[in-house]
Amino acid sequence: MRIGLGYDIHRLVEDRKLILGGVEIPYELGLLGHSDADVLIHSIIDAILGSVALRDIGYHFPDTDEKYKNANSLELLKETKKLLLNEGYKIINIDSNIICQKPKLSPYIEEMRKNISQVLELKINQVSIKAKTNEKMDSMGNGLSISTNAIVLVESI
Ligand code: ZN
């Protein structure tokens, strides 16, 4: 067995969609980024890559590449699963945090878990997502950004 850790943060800005875990969430601000800026999926991708020491998301899906402009991060997650499989590993479980003051995410968590478990061909109980506020402190707590952490356990096939 091996373990991987992921972290990501994106700015919240006007005129962008807010997409988390492949779910479009109605809100006046969205996350800034080259792809769809799905900060949760990016952390999970980095955790999976980290578990088999395959560098990071920027190495495999560079934000200088036009191919990844407004890319659907769930597609990148699918590609990451193939990389993991090539190394001879499969996922046991994923746990994650979304640190977000606003909007309230609890109504969307189940759909996020469903999206991620479908793409990775896991059972829904292998994918955990927890939403937290940052108690109105710092950039996340002041609604300027959303950050995420993810951890994944993998085992050789
Ligand atoms: Zn990102």
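That block above? That's the structure.
Residues numbered from 1 in each chain as written. Predicted model: local features only at pLDDT ≥ 70, side-chain atom pairs only at ≥ 80, totals over all residues. Heavy atoms only, no water.

Draft legend 1. Spatial organisation of the packing of aromatic side chains. Taken as a whole and judged by the stated rule, the model has one aromatic pair. Ring centres 5.5 Å apart and planes at 85° place the aromatic pair F61 and Y68 in the edge-to-face group. We note that F61, like Y68, is buried. (Phe/Tyr/Trp six-rings, centres within 6.5 Å; stacked < 30°, edge-to-face > 60°. Buried < 20%, exposed > 50% of the residue type's maximum accessible area, 1.4 Å probe, protein only.)

Draft legend 2. Geometry of the sheet that holds strand β5 (residues 89-99). Taking strand neighbours across the sheet as the criterion, the five strands line up as β4-β1-β7-β5-β6 in an open arrangement whose pairing is mixed. Where the open sheet ends on each side, the last strands, each with one partner, are β4 (30-31) and β6 (127-132). Here two bridges tie strand β1 (residues 2-13) to β4, and the two strands are oriented antiparallel to one another. For V13, the partnering residue across the bridge sits in β4 and is G30. Together, β5 and β6 form the strand contacts of helix α4 (residues 109-120), whose direction differs from that of β6 by roughly 145°. (Pairing = 2+ DSSP bridges. Helix = DSSP H or I, 4+ residues; strand = E, 2+ residues; numbered from the N terminus. Contact = heavy atoms within 4.5 Å. Axes fitted to C-alpha atoms, helices over the stretch in contact; angles between N-to-C directions.)

Draft legend 3. Here's a closer look at the nonpolar core. Core analysis: the biggest nonpolar cluster contains 44 residues, and L20, L77, I91, I98, M112, I116 and I146 have the highest contact counts within it. For this core, the secondary structure elements donating two or more residues are α1 (39-51), α3 (73-86), β5, α4, β6 and β7 (145-156). Ranked by residues supplied to this core, first place goes to α1 with eight residues. The contacts of L77, once residues within four sequence positions are left out, are I41, I44, I45, I48, I116, V119 and L120. (Core = buried A, V, L, I, M, F, W, Y, C linked by side-chain atoms within 4.5 Å.)

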